[in-house]
Amino acid sequence: MAIQVSEALDLDTAVLVSLENASGGSYVEGIYVPGATVLDRALASVQQPSPKELEFLEGGERGKDLKSFYLNKEVITSQGDKVATVITHRSKRYKVVFVGDWEDYGYFFAIGAKI
């Protein structure tokens, strides 16, 4: 029987993490100026990435200090003008470098690299 990760994301089995997302941003005289930072909190199961999860990453990313996050809120990677979500767990900050499309299963999956 498959494990329902969404059922494990509650206060008894998960931890609270902080999420930082940049909102907006624009170019001023040719220089990009990021928008305000939006802070949020999420429930997450935080683990070391499995060897299979590491295969999702580019070779250079695999050597970094990484964590896998199973969250109840959506996070993003850097794309175009969008800045990646930063997850804070136990006073350590992790930039999201991979996001899995698992919303249909009731949770969000991400891999973060320590910054």
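From N to C terminus, the protein includes 2 helices and 8 strands. The order of α-helices and β-strands along the protein, N terminus first, is α-β-β-β-β-α-β-β-β-β. Taken across its 115 residues, the protein has 31% of its residues classed as buried. Summing over all exposed atoms, the protein offers an accessible surface of approximately 7500 Å²; the carbon and sulfur share of this is 50%.

Another aspect to go through is the nonpolar core. Counting 11 residues, the largest nonpolar core consists of Val17, Leu19, Ala42, Ala44, Phe69, Leu71, Val75, Ile87, Tyr94, Val96 and Ala110. Ignoring anything within four residues of it in the chain, the contact list for Val96 reads Val75, Ile76, Thr77, Ala84, Thr85, Ile87, Ala110, Ile111 and Gly112. Ranked by size, the runner-up nonpolar core spans 8 residues in total, among them Leu57, Tyr70, Tyr107 and Ala113.

Moving on, we come to unusual backbone geometry. At Glu29, a residue that is not glycine, the phi angle is positive and equals roughly 50°. Looking at where Glu29 falls in the secondary structure, it is placed in the loop between strand S2 (26-28) and strand S3 (31-33). For Glu29, a relative accessible area of 81% gives the class exposed. Positive phi, normally seen in glycine, also occurs at Ser91, with a value near 65°. Among the structural elements, Ser91 can be located in the loop between strand S6 (86-89) and strand S7 (92-100). Assessed through its relative accessible area of 73%, Ser91 is described here as exposed.

Relative to the helices and strands, Gly24 is located in the loop between strand S1 (15-22) and S2. According to the relative accessible area criterion, Gly24 is exposed, its value standing at 66%. Residues Gly24 and Asp81 lie 57 residues apart in sequence; the distance between their C-alpha atoms is 9.0 Å. In this structure, Gly24 is in contact with Tyr32 and Gly35, ignoring residues within four places of it in sequence.

Per-residue pLDDT for the protein has a mean of 84; in total, 85% of the residues score no lower than 70. The spread of mean pLDDT over the elements of the protein runs between helix H1 (residues 5-8), the lowest at 56, and S6, the highest at 97.

In this section: the side chain of His89. Relative to the assigned elements, His89 resides in strand S6. With residues up to four places along the chain from it excluded, the contact list for His89 reads Val15, Val17, Val46, Phe69 and Tyr94.

Position of Asp81 among the secondary structure elements: in the loop between strand S5 (66-71) and S6. Given a relative accessible area of 46%, Asp81 falls into the partly exposed group. Spatially, the C-alpha atoms of Asp81 and Ser26 are 8.7 Å apart, while their sequence positions differ by 55 residues. Residue contacts for Asp81: discarding those within four places in its chain leaves Tyr27 and Tyr32.

Thresholds, definitions, all that
Residues numbered from 1 in each chain as written. Predicted model: local features only at pLDDT ≥ 70, side-chain atom pairs only at ≥ 80, totals over all residues. Heavy atoms only, no water. Helix = DSSP H or I, 4+ residues; strand = E, 2+ residues; numbered from the N terminus. Buried < 20%, exposed > 50% of the residue type's maximum accessible area, 1.4 Å probe, protein only. Areas by Shrake-Rupley, 256 points an atom, 1.4 Å probe, with all protein chains shown as cover. Core = buried A, V, L, I, M, F, W, Y, C linked by side-chain atoms within 4.5 Å. Contact = heavy atoms within 4.5 Å. pLDDT = per-residue confidence, 0-100.

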